[in-house]
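One-letter residues, chain by chain:
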Amino acid sequence: NTLKIEMIDERQWQDYIGVNWESMEITVYLPEKQYQLIRPAMEYIRNHFLEESISAETLSKLCGISYSYIKQLFNRKYGMTPKKYAIYLRMTHAKEQLRNTGKPIGEIATEVGIDNLGYFTRLFKKTEGTTPQEYRKLWPTAPLEDYKK
């Protein structure tokens, strides 16, 4: 038995694994047919992650397949479950708000769909390795007065 190693050029590699340098998302090749199965779920999450809780039932109905299969395909494509993908998008939005605005942290938490500030802080620390307050200190922001009404 011999091991066959096939050399692939950079373009073939980019077709297999995609990196979006802007968001640092890494995507792994998923056959088009399987990708099309989860595409409605992915688009729904991207369009609604700030507005509401995203249920397994909703995603399953959108895709016409079981939630366990959606999770399996999501894991292959994005390296995370749909729920973690929604959290990733929420935390990405929160980080952007912390960097670029002077909005109060509680307002940002509510904006990303988390009404409990303590939970938001714990989740942020778990996903980002620092609290929202500590993260904000790393970036110059607009004055808080700009956001008082």
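Residues numbered from 1 in each chain as written. Predicted model: local features only at pLDDT ≥ 70, side-chain atom pairs only at ≥ 80, totals over all residues. Heavy atoms only, no water.

J.: Teacher, can you tell me more about helix α2 (residues 32-48) here?
T.: Because an α-helix completes one turn every 3.6 residues, residues spaced three or four positions apart along the sequence face the same direction. For α2, spanning 17 residues, the distance from its first C-alpha to its last is 24 Å, which sits close to the expected 24 Å at 1.5 Å a residue. Helix geometry: α2 is bent most strongly at isoleucine 38, by close to 45°, with proline proline 40 lying one to four residues after it. Turning to α2, its buried residues number three or more, namely Gln34, Tyr35, Ile38, Ala41, Met42, Tyr44 and Ile45. Tucked inside the fold, the buried residues of α2 contact α3 (56-63), α4 (67-78) and α5 (82-100). (Helix = DSSP H or I, 4+ residues; strand = E, 2+ residues; numbered from the N terminus. Expected span 1.5 Å × (residues − 1). Bend = angle between axes of the 7 residues up to and from the residue. Buried < 20%, exposed > 50% of the residue type's maximum accessible area, 1.4 Å probe, protein only. Contact = heavy atoms within 4.5 Å.)

J.: Mind showing me how you'd approach the confidence of the model for the protein here?
T.: Do not read the fine detail of predicted coordinates wherever pLDDT is low. Across the protein, the average pLDDT comes to 82, with 74% of residues at or above 70. Low confidence marks residues 7-24, where pLDDT is under 50. Its contacts with residues over four positions away, or in another chain, come to 15 contacts. (pLDDT = per-residue confidence, 0-100.)

J.: What am I meant to see in the packing of aromatic side chains here?
T.: Remark: the centre distance and the inter-plane angle together describe each pair of aromatic rings, the angle taken between the planes. By the definition in use, this model includes 6 aromatic pairs. Summarising the aromatic geometry, the rings of tyrosine 85 and tyrosine 88 are spaced 6.3 Å apart at their centres and angled 25° between planes, so their arrangement reads as stacked. Here tyrosine 85 pairs with tyrosine 88, and both are found in helix α5, just 3 residues apart, close to one helical turn. Using a relative accessible area of 1% as the deciding quantity, one classes tyrosine 85 as buried. Pairing phenylalanine 124 with tyrosine 135 gives two aromatic rings, centres 5.6 Å apart and planes at 70°, and the pair type is edge-to-face. One end of the pair, phenylalanine 124, is in helix α7 (residues 117-128); the other, tyrosine 135, is in helix α8 (residues 132-137), and 11 residues separate them in sequence. The exposure classification of phenylalanine 124 matches that of tyrosine 135, with both residues buried. (Phe/Tyr/Trp six-rings, centres within 6.5 Å; stacked < 30°, edge-to-face > 60°.)

J.: Sorry if this is basic, but what is going on with the nonpolar core here?
T.: As a rule of thumb, soluble globular proteins bury nonpolar side chains together. Membership of the largest hydrophobic core comes to 18 residues, with the highest contact counts inside it found for Ile38, Ile45, Ile70, Phe74, Tyr78 and Tyr85. Broken down by secondary-structure element, the contributors of at least two residues to this core are α2, α3, α4 and α5. The greatest single-element share of this core, amounting to 6 residues, is contributed by α2. (Core = buried A, V, L, I, M, F, W, Y, C linked by side-chain atoms within 4.5 Å.)

J.: Teacher, can you tell me more about the packing of α2 against α4 here?
T.: Between two packed helices, what matters for the description is the angle formed by their axes and the separation of those axes. Packing of α2 against α4 leaves a shortest axis separation of 10 Å and a crossing angle of 85°. The orientation of α2 with respect to α4, classified from their angle, is roughly perpendicular. Between α2 and α4, the residues in contact are Gln34, Tyr35, Leu37, Ile38, Ala41, Met42, Ile45 and Arg46 and Tyr69, Ile70, Leu73, Phe74, Arg76, Lys77 and Tyr78, respectively. (Axes fitted to C-alpha atoms, helices over the stretch in contact; angles between N-to-C directions. Parallel < 35°, antiparallel > 145°, perpendicular 65-115°, else oblique.)

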